[in-house]
Amino acid sequence: MKIGIFPDDDTIGQVAADFVEDLFTRQPQANLGLATGSSPLATYRHLIERVSTGRLSFAQGQAFTLDEYVGLDPQHPERYRNVIYRDFLSGVDFPAESVHSPDGNADDLAAAACAYDRLIADAGGVDLQILGIGSDGHIAFNEPGESFKSRTHPGVLTNQTRQDNARFFGSDINAVPTHCVTQGLGTIMEARRLVLVAQGRAKARAIRELVEGAVSIRWPATIMQMHPDAWVLIDEDAASELDMIDYYREVWEKSRHYRGVCSG
């Protein structure tokens, strides 16, 4: 796992967008995994700009979102399918039929989750997965205690996650759904590259556990330590509790010319 520490959110977004641009330049038919929330917004702004100037195209690619709330009206502005369209897809050239999301309104949520997992596999898997991290260490909606082998599944949202997300629902936790459908940790770990972005002191403890803590279901994101090509892009505040911060800066600077991964 490589750690990049940057002065501001915009720089994080630029570096993350560089990873995506490199992928689609080499592999125009790649599959991109999309996260919602505030953390990837700068990344999406940079990607939108690059598409608008003709520097980058997603026209031959596919996109897969991480998760979805259960029970929100299809037109609800905070339904993740609508959020990702508003924040990113409306500004780029993914064909509409090439964008896929879990179904949070299916009659049989478990069957819909399994179908989504199969859809990802049938497409050849995700080439690059963008991730955020919750203050309790969750990635996607995999809450503490989730199995590291879990597949796409219906899940329960903890009060902490609902409190964190209440800002998107008029600060009313009662308006935040209690359930979700999410890619599992096992599904996420099958992506060929993981790029996690995080900003702010509220994420500092989770980042410390992710990077320097033991691999534990108490902090679900720590499973990323076992991934062969995982990248963590953070600002100074999110990095503030790391013990080995000087080491991460040195490694990042000296490895800038070989940031690939062996595919054999």
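Reading guide: rules and limits
- Residues numbered from 1 in each chain as written.
- Predicted model: local features only at pLDDT ≥ 70, side-chain atom pairs only at ≥ 80, totals over all residues.
- Heavy atoms only, no water.
- Helix = DSSP H or I, 4+ residues; strand = E, 2+ residues; numbered from the N terminus.
- Rg over C-alpha atoms; globule rule 2.2 N^0.38 Å.
- Buried < 20%, exposed > 50% of the residue type's maximum accessible area, 1.4 Å probe, protein only.
- Contact = heavy atoms within 4.5 Å.
- Areas by Shrake-Rupley, 256 points an atom, 1.4 Å probe, with all protein chains shown as cover.
- Lys, Arg positive; Asp, Glu negative; His and termini not counted.
- Charge placed at Lys NZ, Arg CZ, Asp CG, Glu CD.
- Pairing = 2+ DSSP bridges.
- Axes fitted to C-alpha atoms, helices over the stretch in contact; angles between N-to-C directions.
- Expected span 1.5 Å × (residues − 1).
- Arc of directions from axis to C-beta.
- Polar contact = N/O pair within 3.5 Å; in protein donor to acceptor, adjacent residues only side chain to side chain.
- Core = buried A, V, L, I, M, F, W, Y, C linked by side-chain atoms within 4.5 Å.
- Salt bridge = Lys/Arg side-chain N within 4 Å of Asp/Glu carboxyl O.

Asks: Talk me through the overall build of the protein; I want residue IDs and the actual numbers.
Replies: When helices and strands are tallied, the protein shows eight helices and ten strands. The globule rule puts the C-alpha radius of gyration for 264 residues at 18 Å, and the 17 Å found for the protein is close to it. With the C-alpha coordinates aligned to their principal axes, the bounding extent of the protein is approximately 50 × 40 × 35 Å. For the protein, buried positions account for 52% of its 264 residues. Of the contacts formed within the protein by residues at least 6 apart in sequence, a portion of 78% connects residues at least 24 apart. Approximately 11700 Å² of the protein is accessible, and the part contributed by carbon and sulfur atoms is 49%. Charged side chains of the protein number 24 positive and 37 negative; the gap between the two group centres comes to 4 Å.

Asks: Talk me through the sheet that holds strand S4 (residues 67-69); I want residue IDs and the actual numbers.
Replies: Read from one edge to the other, the open sheet built from three strands follows the order S4-S8-S7, with strand pairing classed as antiparallel. In this open sheet, the two strands that pair with only one neighbour each are S4 and strand S7 (153-156). Each strand axis lies, on average, 25° off the axis of its neighbour in the sheet, ignoring direction. Each of S7 and strand S8 (179-182) is contacted by helix H4 (residues 109-122), which is oriented at about 125° to S7, the strand it contacts most.

Asks: Give me the lowdown on the sheet that holds strand S9 (residues 193-198), citing residues and values where you can.
Replies: A sheet is described by the order of its strands in space; here seven strands give the open sequence S1-S10-S9-S6-S2-S3-S5, paired in parallel fashion. Looking at strand neighbours, the two that pair on one side only are strand S1 (2-6) and strand S5 (99-100), the edges of this open sheet. The sheet strands contacting H4 are strand S3 (62-65) and S5, and the helix crosses S3 at an angle near 150°.

Asks: Account for H4, naming residues and giving values.
Replies: For an α-helix, the turn length of 3.6 residues means that residues three or four places apart are oriented alike. With 14 residues, H4 should reach 20 Å at 1.5 Å per residue; the first-to-last C-alpha distance of 20 Å fits that figure. Inspection of H4 places Ala-112, Ala-113, Tyr-116, Asp-117 and Ile-120 among the buried residues, and these make up the whole buried set. Along the axis of H4, the buried positions cluster into a sector of 140°, meaning they face one direction only. Turned more than 90 degrees off the buried face of H4, the exposed positions are Arg-118, Ala-121 and Asp-122. Check the buried side of H4 and you find it contacts S3, S5, S7, S8 and helix H6 (185-189). Two or three places before Ala-110, at the start of H4, stands the capping residue Asp-108, its side-chain oxygen 3.3 Å from that residue's backbone nitrogen. Among the residues trailing H4, Gly-124 stands out with phi positive, at a value near 100°.

Asks: Describe helix H7 (residues 204-212), naming the residues involved and giving the relevant values.
Replies: Along H7, the residues that are buried comprise Ala-204, Ala-206, Ile-207, Glu-209, Leu-210 and Val-211. In this fold, the buried residues of H7 make contact with S1, S9, strand S10 (230-235) and helix H8 (245-254).

Asks: Break down the side chain of Arg-193 for me, with residues and values.
Replies: Tracing the sequence through the fold places Arg-193 in strand S9. Here the side chain of Arg-193 touches Asp-229 through a polar contact of 2.7 Å, side chain to side chain.

Asks: Tell me about the nonpolar core, and name the residues and values.
Replies: Membership of the largest hydrophobic core comes to 66 residues, with the highest contact counts inside it found for Phe-58, Phe-88, Phe-94, Leu-196, Ile-207, Leu-233 and Ile-234. A total of eight residues in this core trace back to one element, the largest contributor, which is helix H1 (residues 9-26). Those residues in contact with Phe-88 that lie beyond four places of it in its chain are Leu-34, Tyr-44, Leu-47, Ile-48, Phe-58 and Phe-94. Core analysis: the second largest hydrophobic core is formed by ten residues, Tyr-69, Val-83, Leu-157 and Ala-166 among them.

Asks: Account for the pattern of salt bridges, naming residues and giving values.
Replies: Applying the stated rule across the entire model yields 16 salt bridges. For Glu-236, the salt bridge is made with Arg-249, and the minimal N-O distance between the two is 2.9 Å. Here Glu-236, found in the loop between S10 and H8, pairs with Arg-249, found in helix H8; they are 13 residues apart in sequence, far enough to count as distant. Counted as one network, the salt bridges with shared partners bring together Asp-18, Glu-21, Arg-50 and Arg-55.

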